[in-house]
Amino acid sequence: QDGDIAVEFRPLEDAVDPSNMLCFTCSDPSLTGGRAQNICSFTFHFYILTPAGCWTVKLFQFPCPLPRLSGALNHGHERSRWAFTFCLSDLRSVTVKEEGWTFLLFELKESCTALPALHFHQGGSREFLDGLRRFALLKPSGRQQLRPRPREKHASASEQLHSLTDPHLFPFKVLIDCVLQQKFRKDPYVTTLGGFSKVTNYIFDAFRGTEEQHQRPPEEVADLLGEVIQGLEINQQEEPGFEVITRIDLGARPQVTRAEPLSVEDWTRHQDPEGRMTRVPQLKKVIFKGGLSHAVRRDAWKFLLGYFPWNSSQDERKTLLRLKTDEYFRMKLQWKSISDEQERRNSRLRDYRSLIEKDVNRTDRTNRFYEGIDNPGLVLLNDILMTYCMYDFDLGYVQGMSDLLSPILYVMENEVDAFWCFVSFMDQMHQNFEEQMQGMKTQLIQLGALLRLLDLSFWNYLESQDSGYLYFCFRWLLIRFKRELSFQDVLRLWEVMWTGLPCHNFHLLVCCAILDSEKQKIMEENYGFNEILKHINELSMKLDVEDILQKAEGIGLQMRSCKDLPDSVSSILGFEADVRGSDPMDSGSAPAPRASPRRPDTCSDLHGHLRETTSHAVAFMS
């Protein structure tokens, strides 16, 4: 609570899930009085730094009968009378007594109210005191009374994590496994993105037991971040394939300008009489330099995302649309036709549905397209995400995917088109949401390589503040700046990035551009680990997309013109496929797009793709 360690005791409420409790079953009627509702749990809470920021973890729960107090305890209000919470910093002493079982009495520093005794009929008092010792030293003071005093030295982050999974403390291990591992497997978005959106000064407070205790060194907090985010143990100096980058003179950064958005008239001029798009490289360059006017987006995004091949005719696209519409509603029918009885036997589908319903109800609700109760846009958002679970059941739904779909549905205003454009976008973003999160790991490593080259002094400063893992960029990469920019700016940024210009991984240069603008303040203010996280988080909705795009393009041109560019950086940006020093923007050709296994690249492949799509849909339904 407010950065302090809290101890809470409360009777079981109806909302408590017994499946999360250890030793919930108690068959001894002498202890329960024959009434299961009289079982209560002692829950010890503490804050641990995780990918989701600072959140409460229930270390263990020991059911024990309620203290033998007068009056009926069946009523919820009566039960709540015996609940209490206090901060560890307010604790004066703990008295341990034995009367056939152990019970504890707490004395607070400044309180006239006596707290009820905690009776441990089924054991657990020793484990509780052991847990308490991890946050305060308990000094014996006679008469079985323990007085807490500040620790003089913190255990290392790794030692603390090890202690929490000590096999001798089985209850600790079970619930840590449950919270840190099962939560992550179900929704890595919750345990990553959600936490980074809430990074505040609580990061250090999370490991501070009392006001008198020393603050945990920031390097240990950084180490713990690396340990608890599974799959992101990044050693950027030893990662194979990336050479050590020393200071390199990149030369002057070229000045670039932005242009006006592509108009409907300009878009039409790039179509031949049969509806095929012409002069595509030049068209992509115009889109990259200025984006699209909103009236063009509905058509242009289908091409930029690969839903429609650039060289397809109007008739071919109509045929594709009919087949894609049929395939979509076949998949939608699969989950729509599942009975309640079937769903009760399909836990994964239940989980997907629950997550989707929860996320849809809080996605872009300030946008007029999604605001209000019973908004049809929310229904479409829900149906598309559920249908995607049928399309890619291995991935299913992971929290954060609704953020990627929302702008697409807003632009398309059509369920089928939005679904297939979303499928195309997810082909690019798929690795970000996989359990191992290999895509996120790779991007953070690549971003580190670019930053080292761009400004070695700034990179060294980040390293000195234990920020070299670049976790503060995690949310940017995970959902492509969706939470950092206004809704309209997100539309502009995405369509620019979808052109594939001026290089591969342009979104990493966008990250560099933002950090390049903020590095002076970070270094002059001598921001530490916590302050850097907080500062970057507070940039949300304060960034100007045109300024960022302009600077990012300039950084790309600056690196391209460098004759001594490291091979690793050249590979990241795709320069090795071009003549070093040349600009594909000048030649009118974009870097070769990375192959997508799910999409036809040529018009000649389109007919075969359509036949394959139809046969797969029929076979799947059969």
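Look up a bit, the structure's there.
Please read all numbers here as calculations on a predicted model, not as lab measurements. (Residues numbered from 1 in each chain as written. Predicted model: local features only at pLDDT ≥ 70, side-chain atom pairs only at ≥ 80, totals over all residues. Heavy atoms only, no water.)

Engineer: Teacher, can you tell me more about the overall build of the chain here?
Structural biologist: Looking only at helices and strands, the chain features 27 helices and nine strands. Out of the 622 residues belonging to the chain, those deemed buried represent 55%. Residue pairs in contact within the chain that sit at least 24 positions apart in sequence constitute 74% of those at least 6 positions apart. When the accessible area of the chain is evaluated, it comes to approximately 28300 Å², of which 49% is carbon and sulfur surface. (Helix = DSSP H or I, 4+ residues; strand = E, 2+ residues; numbered from the N terminus. Buried < 20%, exposed > 50% of the residue type's maximum accessible area, 1.4 Å probe, protein only. Contact = heavy atoms within 4.5 Å. Areas by Shrake-Rupley, 256 points an atom, 1.4 Å probe, with all protein chains shown as cover.)

Engineer: I keep staring at the packing of aromatic side chains and nothing clicks. Help me out?
Structural biologist: The way to describe two aromatic rings as a pair is by their centre distance and the angle between their planes. If you walk through the whole model with that rule in mind, you get 24 aromatic pairs. With a centroid separation of 4.7 Å and 25° between ring planes, the pair formed by tyrosine 307 and phenylalanine 308 is classed as stacked. Neither residue differs from the other here; tyrosine 307 and phenylalanine 308 are each classed as buried. Aromatic pair phenylalanine 425 and tryptophan 498: ring centres 5.2 Å apart, planes at 80°, arrangement edge-to-face. A residue pair is termed long-range when its members are at least 10 positions apart, and phenylalanine 425 in helix α17 (residues 415–433) and tryptophan 498 in the loop between α21 (487–497) and α22 (506–524) qualify at 73 residues. (Phe/Tyr/Trp six-rings, centres within 6.5 Å; stacked < 30°, edge-to-face > 60°.)

Engineer: Is there a simple way to explain the environment of aspartate 516 in this structure?
Structural biologist: Tracing the backbone shows aspartate 516 in helix α22. Overall, aspartate 516 belongs to the buried group, its relative accessible area being 13%. Put simply, aspartate 516 and aspartate 455 are 61 residues apart on the chain and 8.4 Å apart in space, counted from C-alpha to C-alpha.

Engineer: Mind showing me how you'd approach α17 here?
Structural biologist: Side chains three or four residues apart in an α-helix point the same way, a direct result of the helix having 3.6 residues per turn. With 19 residues, α17 should cover 27 Å at 1.5 Å per step; its first-to-last C-alpha distance of 23 Å lies more than 12% under that length. The largest bend along α17 measures about 55° and falls at aspartate 427. With 16 of its 19 residues buried, α17 lies for the most part within the structure. (Expected span 1.5 Å × (residues − 1). Bend = angle between axes of the 7 residues up to and from the residue.)

Engineer: How should I be thinking about the environment of histidine 504 in this particular structure?
Structural biologist: Note that histidine 504 resides in the loop between α21 and α22. For histidine 504, a relative accessible area of 17% translates into the label buried. Taking C-alpha positions, histidine 504 is 8.9 Å from serine 571, a pair spaced 67 residues apart along the chain.

Engineer: What should I look at first to understand unusual backbone geometry in this one?
Structural biologist: A negative phi holds for most residues other than glycine; trans holds for most peptide bonds. A cis amide bond links leucine 501 with the next residue in sequence, proline 502, at an omega value of -5°. With a phi close to 50°, arginine 480 is a non-glycine residue in the positive phi region. Tracing the backbone through its elements, the reader meets arginine 480 in the loop between α20 (474–478) and α21. According to the relative accessible area criterion, arginine 480 is buried, its value standing at 11%. The phi dihedral of phenylalanine 481 falls on the positive side, at around 65°, and the residue is not glycine. With respect to the helices and strands, phenylalanine 481 occurs in the loop between α20 and α21. Residue phenylalanine 481 is classed as buried on the basis of its relative accessible area, which comes to 1%.

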